[in-house]
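# Descriptive structure summary
Residue strings, one per chain:
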Amino acid sequence: MITARAAASFEPVGRSVAVARAFVRDTLHGWGFADVVDDAVVLTSELVTNAVVHAGTAADVQCLRYETAVRVEVADHYPDREIPIQGRGRQFRDPDNEGGRGLLLCAALASRWGVEYTGAGKHVWFQLDLPERPAGTRSAGPVLPAADLPLTDESVRVAVVQVDRMASITRWNDDAAELFGHPAADVVGKPLADLTAWPQTPGTGIGLAEALLHSRWEGTYGLRDADGRVLPVYGSHLRVRDSEGEPSTVILLVRAEERAVLQTPSRGSGSAESGLGQRGKTTDAFEVFIGSPAPDDLDSLLQRTVERARDMLDGDAAYLLLATDDETELEVRASTGLPSARQRFARVPVEAGTGRYGSARMPAVHEDLTAVPGAVPLLSGTGMRSVVTVPLKVEGRLTGSLGVAAEAPGRYNNQEALRLQFAADRIALAVESARLTELERLRRGSLSFLVEASDLLAGTLERDQTLALMAQMTVPTLASWCAVYTIAEQSEPELAFVLHEDEDRIDGIKALLSQVRPPEPDPTPGARMWTAPSDAAHSSALRASLRSLGVGARSAPSSSAPNAATPTSGKGGRAPSAPGVALATAAAVGGETVVLPLVARNRVIGMLTLGKPADERFRQEILELAEDLSRRAALALDNARLYSERTAISQALQRSLLPPELPHIPGVEVEVVYRAAGEGNEVGGDFYDLFPIRDGCWGFAIGDVCGTGPEAAAVTGLARHALRLLAREGFGGPAVLERLNAAILDEGARSRFLTLLYGELWPQHDGSAVLRMVCAGHPLPLRLRPDGTVEPAADPQPLLGVMDDLELYEQTVSLDPGDVLLCVTDGVTERREGTRMLGDDGLADVLSTCTGLTAGAVAARIQRAVERFASDAPSDDMAILSMRVPKKSE
């Protein structure tokens, strides 16, 4: 009779084999059948491999529990595939043949087995009989003295959290609220990821989303409490379904140091030295030490290694370091029983220098570390007294170091060193292979990151936007917070931009950095440590805490940071800081901080500062990637600076070509609309001017130089300044234009022909105005009367810059009260939409609707008509000059 059942389906991918092994192992251990776990896992691995790899279909695995046996069924969806191991009248195939090996193992290990076909597929099953044993026994640990029992607080709290299929929190018990300070009402409905600090580098290993999809998962990570601090926890995840079939995950959490409350007991028995298992099967020493299935990513493999090493030698702590490519430094990658967050990615030299790791290349036993201070820098200040360390080597090359430590002296001898070295030799190749795989993944990710960063930085020439992009690309991908300093020529570094992954921390960090002396500019490539922010933050947090307790600020010790400024408030007092804000800022910037120079064109133009929160360090690959990014960012920032400077110069020069302001003319309204074509251009080929000549007389001009851009603008400046000079010398309109024509021709190859309407305006005592004009090749001025009549106000004459001898004449027009004179350039009349053009007639029609309007309203209506005439933006310069003589009643 079946007493329990468990089933799961696995996709046709290679990873499914390892997941299926874990499913069967967890299921049988949950039923208390550890005696048959190894055989069941081996058979399941082979049968699932046949289904997902050879048959190429999904695999359905079902575990059935009977009173005296366990049955496992593996089904695929390839019913036409033949049974590969047996034919009529034949013996089993050659065992060395890949095909059918799973069924050979079934025949050798299982009590019973078989293959069954259905219309939808086929499944292979095997049954393992259970050995007789006392009922109710699953596993038991040895009897330990009280001093050796796991240490916990007086009250052990187990947080129970449940998340739905979208990883949003649905349950949060009282112990969870007590442990982390978040009431249930504040977190229910929010994503669990908002509170989780998952201890993995992006792009490597398993992530939180993947862990929540596993049927079972155990491990260490962090949860943020109500103050934003990350609390290390040990979690056990179980995937369940509700009565409606909806999946969710139940999570049990305890403090990391209380992991023994939840941690699953070690599975299996035997030592790493034993090469034989049950039924005489040869056992892989690596799998015996690491356990099966072995983790498929580097971080999990290293963490499993240090935990097994600690358990194997009954230690209090263990750690594993990996060597850099040149074997000169070791980097902490995994530890247990130590403050791992503080030590992770810490680096120590191997051969020489202060704090060197002296026992890396050979096995070593330190019976009492107090006798040789600094022999193992990683253990300084941890309370560990004895340690055994062994190297990890691949083909004679140092790839890492594995150590197990104990709080008591004299715990280890050469026998333990030999056992640990045997285990290290078994795992060294697997660790190196996983490390190279991780490096390759990181390098590919780094290349993609740098390509994307280069595209983003190249896409802008705005200084402020470049600064923002620099920070946004580093946070949170490379660092938890970032600050960018800029350095102008012959000036001190200036804090230009600050960003933190938590927006609530930005103001606090900005205030802190503004009180700290900036790092010294140093063009030397590479990252260098900067301790001033963390020192100042901790000093500020200490002062705020003492102040909140009523202790005077004078009793607080001074900052140990040599370059930390002393913020003051009032008469020499320090700037007040709330304890909560100060502590949060100290936690945010309390980790490792590095400074990378921004060097462009052989000059330090700024500094990129990256930081980690308290007790965290940078890994070497991240620093190398940040250095590559800083070089690209420096060039982009310098390009933005050069562009801004040249734009400012260009705009200043262009503004000098335009009249500073319109003069006030008694009895005449004047309005100008001017727009130059092209991005960033303020002056083009069109120009206008309105200036006093003498008492009671004003000159006005509107012109169009052939072409657009800087070349046309140069002729614009020549024409405008020449007109003013000649008019004020007393020359009349024809003489002014003839001399300007000669000046343009003198420019030679740089000359441009020019159309120009120039005139003199004489307001009269009777309220009218007299205009004397010369229209040299320019669109004719239009006169609008109060009754809506529109007529040209001048005759066309030859343009300038073409012929040497010009015979121009002046025409006189009188504007009566209510009359409007409109002068435009051809950017108005030649506005096009397909084959249609606004033209002179279209302009006259628009002007005829402007009766009764002021000069400003007339100019605005003409501008709107031009813009609306076509859907695309105007491509030519445009100038509109309107003059109106108001009626006496206005």
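As a reminder, the structure under discussion sits directly above these lines.
As a starting point, this report considers the structure included with it. Within any chain, residue numbers begin from 1 and follow the written order of that chain's sequence. In keeping with the model being predicted, local features are shown solely for residues with a pLDDT of at least 70 and side-chain atom pairs are shown and tallied solely at 80 or more, while totals for entire chains, interfaces and linings include all residues. As a convention, hydrogens and water are excluded, and side-chain values are obtained from all of the structure's heavy atoms.

Take the overall build of the protein chain next. Note on conventions: DSSP H or I runs of at least 4 residues are helices, E runs of at least 2 residues are strands, and numbering of each starts at the N terminus. Counting secondary structure elements, the protein chain contains 20 helices and 36 strands. Counting only residues that meet the buried cut, the protein chain has 46% of its 890 residues in that class. We call two residues in contact when some of their heavy atoms are within 4.5 Å. Long-range contacts, defined as pairs at least 24 residues apart, comprise 62% of the intrachain contacts of the protein chain with a sequence gap of at least 6. The Shrake-Rupley method, run with a 1.4 Å probe sphere, supplies the accessible areas, and residue values consider only the shown protein chains as cover. For the protein chain, the exposed area adds up to about 43,300 Å²; of that, 50% sits on carbon and sulfur atoms. In this scheme, a residue with accessible area under 20% of its type's maximum is buried, one over 50% is exposed, and one in between is partly exposed, where area comes from a 1.4 Å probe on protein chains only.

Before going further, it helps to examine the environment of Leu467. With respect to the helices, strands and loops of the structure, Leu467 is situated in helix 11 (residues 463-474). Taking the relative accessible area as the measure of exposure, Leu467 reaches 2% and is therefore buried. Taking the C-alpha atoms as reference points, Leu467 and Ala483, 16 residues apart in sequence, are found 9.6 Å from one another. In this structure Leu467 touches Val484, Thr486, Ala496, Phe497 and Leu637, once residues within four positions along its chain are discounted.

This paragraph deals with a nonpolar patch on the surface. Only residues whose relative accessible area exceeds 30% and that form no salt bridge are eligible for patches; like-charged ones are grouped when within 9 Å, while nonpolar side chains (Val, Leu, Ile, Met, Phe, Trp, Tyr) are grouped when within 5 Å. Any Lys or Arg side-chain nitrogen located within 4 Å of an Asp or Glu carboxyl oxygen qualifies as a salt bridge. A cluster of nonpolar residues, Phe753, Val802 and Met803, forms a patch on the protein surface that exposes about 270 Å² of accessible area. Inspection of the secondary structure assignment puts Val802 in the loop between strand 31 (790-792) and strand 32 (811-815).

So, on to the sheet that holds strand 14 (residues 347-349). A pair of strands counts as paired when DSSP detects no fewer than two bridges linking them. Here we have six strands laid out as an open sheet, ordered 14-13-12-17-16-15, and antiparallel in their pairing. The open sheet is flanked by strand 14 and strand 15 (364-366), the only strands paired with a single partner. Each strand of the sheet is rotated relative to its neighbour by a mean of 25°, with strand direction disregarded. Contacts from helix 10 (residues 414-458) reach strand 12 (317-323), strand 13 (329-336), strand 15, strand 16 (386-394) and strand 17 (397-406) within the one sheet, and its direction differs from that of strand 16 by about 45°. A fitted line through C-alpha atoms represents every axis, and for helices the fit uses only the stretch in contact; the resulting angles, taken between N-to-C directions, go from 0 to 180 degrees.

This next bit is on the nonpolar core. Counting residues in hydrophobic clusters, the biggest one holds 55 residues, and the most contacted among them are Met470, Leu513, Leu598 and Leu610. In terms of residue count, helix 15 (residues 620-656) provides more of this core than any other element does, nine residues in total. Residues in contact with Met470, not counting those within four places in the same chain, are Leu457, Val484, Leu598, Leu608 and Ala633. The definition of a nonpolar core used throughout is a set of buried Ala, Val, Leu, Ile, Met, Phe, Trp, Tyr and Cys residues joined through side-chain atoms within 4.5 Å. Membership of the second largest hydrophobic core comes to 33 residues, among which are Ala40, Leu47, Val48 and Cys63.

When the centres of two rings from Phe, Tyr and Trp lie within 6.5 Å, Trp using its six-membered ring, the rings pair. Their planes under 30 degrees apart give stacked, over 60 give edge-to-face, and anything left gives tilted. Tallied over the full model, the rule gives four aromatic pairs. Between Tyr674 and Tyr688, the aromatic rings sit 5.8 Å apart at their centres with planes inclined by 50°, giving tilted as the arrangement. On the criterion of sequence distance, the pair formed by Tyr674 in strand 25 (residues 669-675) and Tyr688 in strand 26 (residues 686-694) is long-range, its members being 14 residues apart. Residue Tyr674 shares its accessibility class with Tyr688, and that shared class is buried. In this structure, Arg71 is placed above the aromatic ring of Trp125, and the distance from its NZ or CZ to the ring centre is 4.0 Å. Whether a charge sits over a ring depends on NZ of Lys or CZ of Arg being within 6 Å of the ring centre and within 35 degrees of the ring normal. A cation sits over an aromatic face here: Arg426 above Phe422, 4.6 Å from the ring centre.

Before going further, it helps to examine the sheet that holds strand 18 (residues 481-486). Reading across from one edge, 19-18-24-23-20 is the order of the five strands in this open sheet, with antiparallel pairing throughout. Edge positions in the open sheet fall to strand 19 (494-500) and strand 20 (528-529), since each of these has one partner strand only. Here six bridges tie strand 18 to strand 24 (residues 603-611), and the two strands are oriented antiparallel to one another. Paired with Ala483 across the strands is Thr609, a residue of strand 24. Seen against the sheet, helix 11 touches strand 18, strand 19, strand 23 (593-600) and strand 24 and runs at an angle of roughly 40° to strand 19. Strands in contact with helix 12 (residues 506-514) are strand 18 and strand 19; relative to strand 19, the strand with the most contacts, it is inclined by about 150°.

Counting buried positions along strand 18 yields six of six residues, so the element is predominantly enclosed. Residues of strand 18 alternate between two faces, with Trp481, Ala483 and Tyr485 on one and Cys482, Val484 and Thr486 on the opposite face, all of them buried. In terms of strand pairing, strand 18 meets strand 19 through six bridges, oriented antiparallel. Residue pairing in the sheet places Thr486 in a bridge with Glu494 of strand 19.

Pro476 follows Val475 through a cis peptide bond whose omega is 0°. As for its position among the elements, Pro476 is in the loop between helix 11 and strand 18. Unusually for a residue other than glycine, Ala167 sits at a positive phi of about 65°. Note on Ala167: relative accessible area 24%, which makes it partly exposed. Not every positive phi belongs to a glycine, and Asp314 is a case in point at roughly 55°. Along the chain, Asp314 turns up in the loop between helix 8 (298-312) and strand 12.

The full count for this structure, using the stated rule, is 27 salt bridges. Here Arg720 ties to Asp689 by a salt bridge, and the two come within 3.6 Å at their closest N and O atoms. On the criterion of sequence distance, the pair formed by Arg720 in helix 16 (residues 709-728) and Asp689 in strand 26 is long-range, its members being 31 residues apart. With respect to burial, Arg720 and Asp689 carry one shared label: buried. A single network of salt bridges, built from pairs that share partners, joins Arg783, Arg785, Glu791, Asp816 and Asp819.

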